[in-house]
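# What the coordinates show
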Amino acid sequence: MKPLRLGIIPLSDCAVLAVAKEKGFFRRHGVEVTLSREVSWANVRDKVAAGALDGAQMLAGMPLAASVGIDPLARPLITALSLDLNGNAVTVSTDLWKRMVRADPEATTKRPIGAGALKKVIEEDRRSGRPLLRFAVVYPFASHNYELRYWLAAAGIDPENDVRLVVVPPPRMVEYLEREAIDGFCVGEPWSSLAVQHDLGRIVVTKYEIWNNSPEKVFAVSPAFAEERAEEHRALLRALLEAAAWTDAAENRAEVARLLADERYVGAAEPLLRASLSGRLLASPDEAPLELPDFHVFHRYAASFPWISHAAWLLLQMIRWGQMTEPIDVLATARSVYRPDLHREAARDIGLAAPATDVKTEGAHAGAWSLADGDGGTIAMGADLFIDGRPFDPAKTVEYLAESAVSDLRVSLDALAARNG
Amino acid sequence: MQSPLRVMIIDEKAERAASLEAALAEAGCDVVARLVTRADLQDKVNQAQPDVVIVDMECPDRDVLEDMSRITRHQPRPIVMFVDRSDSESIRAAVQAGVSAYVVGGVQAERVRPVLEVAIARFNEFQSLRRELEDARSSLVERKVIERAKGILMKHRGMAEDEAFRMLRKMAMDRKMRLAALAREIVAAADLLQ
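Cut-offs used in this document
Residues numbered from 1 in each chain as written. Chains lettered and ligands numbered in written order. Predicted model: local features only at pLDDT ≥ 70, side-chain atom pairs only at ≥ 80, totals over all residues. Heavy atoms only, no water. Contact = heavy atoms within 4.5 Å. Buried area = accessible area lost by both parts, 1.4 Å probe. Salt bridge = Lys/Arg side-chain N within 4 Å of Asp/Glu carboxyl O. Helix = DSSP H or I, 4+ residues; strand = E, 2+ residues; numbered from the N terminus. Nonpolar A, V, L, I, M, F, W, Y, C, P; charged D, E, K, R; others polar. Phe/Tyr/Trp six-rings, centres within 6.5 Å; stacked < 30°, edge-to-face > 60°. Buried < 20%, exposed > 50% of the residue type's maximum accessible area, 1.4 Å probe, protein only. Lys NZ or Arg CZ within 6 Å of the ring centre and 35° of its normal. pLDDT = per-residue confidence, 0-100. Pairing = 2+ DSSP bridges. Domains from an automatic or database assignment.

Each side of the interface is counted separately: chain A has 40 residues, and chain B has 31 residues. By the criterion of area lost to chain B, the three top residues of chain A are Pro-72, Arg-164 and Arg-172 of chain A, representing 20% of everything that side buries. Between chain A and chain B we count five salt bridges in total. Between Arg-62 of chain B and Asp-46 of chain A there is a salt bridge, with the nearest N and O atoms lying 2.5 Å from each other. Sorting the residues of the side of chain A that touches chain B by element identifies helix H3 (41–50), strand S8 (164–167) and helix H8 (173–178) of chain A as the ones contributing at least two each. The element contributing the most residues to the side of chain A that touches chain B is H3 of chain A, with seven residues. The residue makeup of the side of chain A that touches chain B, split by class, is 20 nonpolar, six polar and 14 charged.

Attention now moves to the packing of aromatic side chains. Residue and element names in this part refer to chain A. For the structure shown, the criterion picks out eight aromatic pairs over all chains. For the ring pair Tyr-139 and Phe-141, a centre distance of 6.1 Å and an interplane angle of 65° mean the geometry is edge-to-face. Classification of Phe-141 as buried rests on a relative accessible area of 5%. When the ring of Tyr-150 is compared with that of Trp-313, the centres are 6.0 Å apart and the planes differ by 50°; the resulting orientation is tilted. In this pair, Tyr-150 is assigned in helix H7 (residues 143–154) and Trp-313 in helix H15 (residues 308–320), connecting sequence segments 163 residues apart. Neither residue differs from the other here; Tyr-150 and Trp-313 are each classed as buried. Feature note: the residues Tyr-150, Trp-211, Trp-313 and Phe-386 constitute an aromatic cluster, connected by ring pairs. One Lys or Arg, Arg-179, reaches over the ring of Tyr-176 and ends 4.9 Å from the middle of that ring. The aromatic ring of Tyr-301 is capped on one face by Arg-300, whose charged end is 5.5 Å from the ring centroid.

Next up on the list: the confidence of the model for chain B. Residues and elements named next belong to chain B. Here chain B averages 86 in pLDDT, and 97% of its residues register 70 or above. Across chain B, the secondary-structure element scoring lowest on mean pLDDT is strand S4 (residues 79–81), at 83, and the one scoring highest is strand S1 (residues 6–10), at 94. Across the interfaces of the predicted complex, the ipTM metric reaches 0.90, alongside a pTM of 0.89.

Okay, the pairing of S1 of chain B next. All names here are of chain B. Counting buried positions along S1 gives four out of five residues, so the element sits mostly inside the fold. Relative to strand S2 (residues 30–35), S1 runs parallel, the two sharing five bridges. By the bridge assignment, Met-8 is partnered in S2 with Ala-33.

In terms of domains, chain B is made up of domain 1 (6–131) and domain 2 (133–193). The straight-line distance from the C-alpha centre of domain 1 of chain B to that of domain 2 of chain B is 46 Å.

Here's what the structure looks like:
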């Protein structure tokens, strides 16, 4: 049988796919897999749509945007497995950081650092007629885009009008920062660490701090693949679930870093990769590393589960920031793309616990909590707070949007309310 | 008469880009820019004002182009990907050839279709040329290493040439290896022992 071809992007969170391949989890579940390192998210999407790839690592927002038809290709995709939580950071240039510290020393000392100091810098710039600060994200439907916007908006900065947001491919972020083509970025590891290592930037805030244990990458396939080759898909899910558990274990992280250093995966220096993978992130060259044990979460806290509430939040961000121009039924759309049912089947095959519910209130837990697994057991969960303390109840989507102070809506809330009764 | 379509080519392979430019000129297009990617792609698109952007799929800046799909203050002319969404064949053909195209600011699809066809044809041509070259190169290298492995067996086991070759072939089959891969291991082992 021909091996299955799966696409990856050179980022630390291709780890679960790399581990499934290198540590034999795919083989153990009877699937031969070749991994193909791709250069852009658009390629990954097109190749899955055209059948040149059978599945791929994708940004959590990608299958949603594709299925709603707001990305350039508009071919539906599904996901039954999340590849990780957290893993990104917002970095600003050393210059901008100095200006932020001058503008508001107090707001730049206590973690998590909000965008209040940045707002003051933006106001200074406006008074002196300077051009807008430029921030880069990796893709229009990337979680990076939404978390950066969330962080800015939480401090009253309008991401559409007060800054300029651009797209830059991850491996080029540091070079853009060095050339002063951008003033900051939000990206996955190891690219923030690289900027800090070269003393070009400083990590201001992590994705974890913006939204604790928030969704990042997923494993996506076409609906045709999930249906016509259901057994192979299920075997892939089993292998990835086991690989995720292995990748998550603290004692394996050094080996994960060693694997990812290879050119076929991330192709970056091993110590650079090891830093964030071992939960020690250097935010500034002249400070001790931050201890962030949950910087990368690959399996614990039900990290592999495709939460309908995660999908709903992402869809609402697409509406909030004007990427959607037609009203949708948010939860129905989320359920057509995120497939906890398929996830549970694969988890059951290998005796792994899966949450009994598909939806949780996000932003309601400040620390550890536990969740029923539908089998009489419990699953240990982590915090899920947002940086501004606002909770998200997926049953109240329209109210949630209405309460978002800064937004760029292109769909009327009434039209949305009519579809989300 | 309609003014010629303005086309921008983003391709790091200079030879292929030049050949595509010539083909497009022949088809009546005006190639307004040929870029090897890099910084400020959005600004470049805004300056050159192309109707169509042809981009090598191996260029990471595709994601930068995708960001231009929405009208904003900074982006008055949105771009869309040029594949008929219902036409799986044209998507497959473009992906296989490794080329992608974007249409800037609502040019009619019928005018753009021939441009994509020319691009797919040129990209395919280059791909098959490269494959031929690679095949020729690797078969030469493989023949050499198999000869060396055969020589090693003949010398160390006192075999005749056809006997050594048969033994190599049987070992390869037993181990489910390609002949050249096995030959490489034998050569490497012999080098180690010398």
